[in-house]
Amino acid sequence: MKFLVSALGLVFLGTSLGSCGSDKTQATPTAGLPSPVVPTKPVKTANNAEYRTPPVKGPVPRNPDMAFTADFSSTGGISFSQVKVPGKYIAMTFDDGPQPQNTPRLLDMLRARNIKATFYVVGRNVDLYPQIVRRAVAEGHEIGSHSYTHRLFSKLSDSEIREDLTKTRDAIGRAAGIQPRTLRPPYGGLLQRQREWIHAEFGYPIILWSVDPLDWKRPGSAAVCSRILAATRPGSIVLAHDLHGATVDAMPATLDGLLQRGFQFVTVSQLLAMKGEVATAQAAVQPPMP
Ligand code: NI
């Protein structure tokens, strides 16, 4: 036992210093390979027999969270960029996928750490790669709507938005048998009036973010990692994009750094439900009305 403990200690010494590394050492493993062929129409995926989920590494799951409720029906409010929570809980969100190379790679990284994330998927990509969405759901991740073709909603008519959100919801349903429960509008652009009718009609809370590494500007993996580690607080909703290879390259160091800082990962719905719990707990200690 003593030996095991010291051996583990050595392992952690070598791997858990929380460095974001440099981009020189984090080259994309697929660099130099020919570009993938991107299909122009939905691919048939009736059989997915070749896929096997990778095993969870490490002695125990480090981030168990499935016991937390995802029922946020008692949570007030329509828009959220962060949530007041009773502990060091955060939600990692990944937008604009699924992407055929990067999203499966990210799913492997999350699974190895038993971390659950939320994917704000683009409906058009869901129709192209439904098997990736199916895998994400099977591994405990949450799927949210990020529109069908990533247009700026604040410039669309209500009927165009209604049609887009319905199409996205149907694509996710066809792919994975579930419905999205929250919406992240493309570019975060949504008028207050639109937020209200979308919430009333579709039931989606509007999910923005409080941590933004600006990874879409391609600052490099080390910058993505250090920006996220520097800005994340309890209750943060962290924005990243699994569309970009460098963002996914940044994730092992980012996720390990967040785990070292004591953060626990939950899905967006779980984070919202915690706000409900805080409100309920506070209400419970109020003296009864005379
Ligand atoms: Ni987006």
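Residues numbered from 1 in each chain as written. Predicted model: local features only at pLDDT ≥ 70, side-chain atom pairs only at ≥ 80, totals over all residues. Heavy atoms only, no water.

Provide a residue-level description of the state of the cysteines, including the pertinent values.
Applying the stated rule across the entire model yields one disulfide. Here C20 is linked by a disulfide to C225, with a sulfur-sulfur distance of 2.2 Å. On the S-S bond that ties C20 to C225, the torsion sits near -70°, and the link is left-handed. A residue pair is termed long-range when its members are at least 10 positions apart, and C20 in the loop between helix 1 (2–15) and strand 1 (79–80) and C225 in helix 7 (residues 221–231) qualify at 205 residues. For the pair C20 and C225, one class covers both residues: buried. (Disulfide = S-S within 2.5 Å. Helix = DSSP H or I, 4+ residues; strand = E, 2+ residues; numbered from the N terminus. Buried < 20%, exposed > 50% of the residue type's maximum accessible area, 1.4 Å probe, protein only.)

I'd like to hear about the packing of helix 5 (residues 158–176) against helix 6 (residues 192–202), residue by residue, with values.
Close contact between helix 5 and helix 6 brings their axes to 12 Å; oriented N to C, the two are set at 45°. Of the possible angle classes, the one that applies to helix 5 and helix 6 is oblique. At the point where helix 5 passes helix 6, the crossing takes the right-handed sense. On helix 6, the residues touching D158, I161, R162, L165, T166 and R169 of helix 5 are R193, Q194, W197, I198, E201 and F202. (Axes fitted to C-alpha atoms, helices over the stretch in contact; angles between N-to-C directions. Parallel < 35°, antiparallel > 145°, perpendicular 65-115°, else oblique. Left-handed = near helix turned anticlockwise from the far one by under 90°. Contact = heavy atoms within 4.5 Å.)

Provide a residue-level description of the confidence of the model for the chain, including the pertinent values.
Overall, the predicted model of the chain reaches an average pLDDT of 82, with 73% of residues at or above 70. Predicted confidence is poor over residues 24–37, with pLDDT under 50, and the contacts of this stretch with residues over four places away or in other chains come to eleven contacts. (pLDDT = per-residue confidence, 0-100.)

How would you sum up the coordination of the nickel ion? Please name residues and give values.
At the metal site, the nickel ion is ligated by D96 (OD), H146 (NE2) and H150 (NE2), and these contacts range over 2.1 Å. Sequence positions of the donors to the nickel ion reduce to the motif D-x49-H-x3-H. Here H146 and H150 have matching classes, each one buried. (Donors = N, O, S within 2.8 Å, 3.2 Å for Na, K, Ca; no water.)

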